[in-house]
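Here is how the chains run, residue by residue.
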Amino acid sequence: PICELRPEEASRYIVVHPDPIGDMPVWHPTRIMAHLKQPFRKRNLATKRYTDLILERLDNEALLDAFGIDNGFNMQVYFMILHAWLLHQRLILEGSKAKKLDKDMFEACWDLCRNFMFLKKVPEYRFDA
């Protein structure tokens, strides 16, 4: 295997993302309005959670040290894409109903890469043609 972590060691890296509307009763007016105004809210929330998960992994010094990932651009993007690929493999098992979520997740990864490149002051014409 690529990585072998014991359950107690893996539990140190769990990130909880509570959904404040998800805990409300189905008949709650706020939940109903959110459902009507944001029909794709669940998918957008899942994409945001995946993106937050990847960013948390990039900010987790202990995890980066465990895998020998340095602060260089290439290593950070490689680590991010590796996580995205692992999530992608899981979404493939869901079939066509997860296709849009998969696309949104990779779009979020591309946005992160673009933001990294802007921070590194790479001219936009080099990567956004």
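One structure accompanies this document, and this report is about it. (Residues numbered from 1 in each chain as written. Predicted model: local features only at pLDDT ≥ 70, side-chain atom pairs only at ≥ 80, totals over all residues. Heavy atoms only, no water.)

### Side note on the nonpolar core
Ranked by internal contacts, the top residues of the largest apolar core, which has 20 residues, are Y50, I54, L58, F79, M80, L91 and M105. Elements with a contribution of two residues or more to this core: α3 (41–59), α4 (61–67), α5 (73–94) and α6 (99–119). With seven residues, α6 is the largest single contributor of residues to this core. Aside from chain neighbours lying at most four places away, what touches L91 is Y50, A98, L101, D102 and M105. (Core = buried A, V, L, I, M, F, W, Y, C linked by side-chain atoms within 4.5 Å. Buried < 20%, exposed > 50% of the residue type's maximum accessible area, 1.4 Å probe, protein only. Helix = DSSP H or I, 4+ residues; strand = E, 2+ residues; numbered from the N terminus. Contact = heavy atoms within 4.5 Å.)

### Describing the pattern of salt bridges
Within the structure shown, the criterion is met by six salt bridges. A salt bridge links R43 to D104, with the nearest nitrogen and oxygen atoms 3.1 Å apart. Here the residue R43 occupies a position in helix α3, and D104 occupies one in helix α6, the gap between them amounting to 61 residues. Classification of D104 as buried rests on a relative accessible area of 14%. A salt bridge links D52 to K48; its shortest N-O distance comes to 3.0 Å. With D52 and K48 both in helix α3 and four residues apart, the pair spans about one turn of that helix. D52 gets classed as partly exposed once you look at its relative accessible area, which sits at 23%. (Salt bridge = Lys/Arg side-chain N within 4 Å of Asp/Glu carboxyl O.)

### Some details on α5
Helix length check: α5, at 22 residues, gives a terminal C-alpha distance of 32 Å against a target of 32 Å (1.5 Å per residue), a fit within 8%. Buried residues of α5: Q76, V77, F79, M80, H83, A84, L87, H88 and L91, and no others. If you follow the buried residues of α5, they end up packed against α3, α4 and α6. After α5 finishes, the residue G95 shows a positive phi value of roughly 80 degrees. (Expected span 1.5 Å × (residues − 1).)

### So, the packing of α3 against α6
Direction vectors running N to C along α3 and α6 enclose 45 degrees, while the axes themselves pass 9 Å from each other. With respect to α6, the element α3 is oriented oblique. Relative to α6, the crossing made by α3 is right-handed. For the pair α3 and α6, the contacting residues are R43, N44, A46, T47, Y50, T51, I54, L55 and L58 in the first and K100, L101, D104, M105, A108, C109, L112 and F116 in the second. Taken together, the residues of the contact of α3 with α6 break down into eleven nonpolar, three polar and three charged. (Axes fitted to C-alpha atoms, helices over the stretch in contact; angles between N-to-C directions. Parallel < 35°, antiparallel > 145°, perpendicular 65-115°, else oblique. Left-handed = near helix turned anticlockwise from the far one by under 90°. Nonpolar A, V, L, I, M, F, W, Y, C, P; charged D, E, K, R; others polar.)

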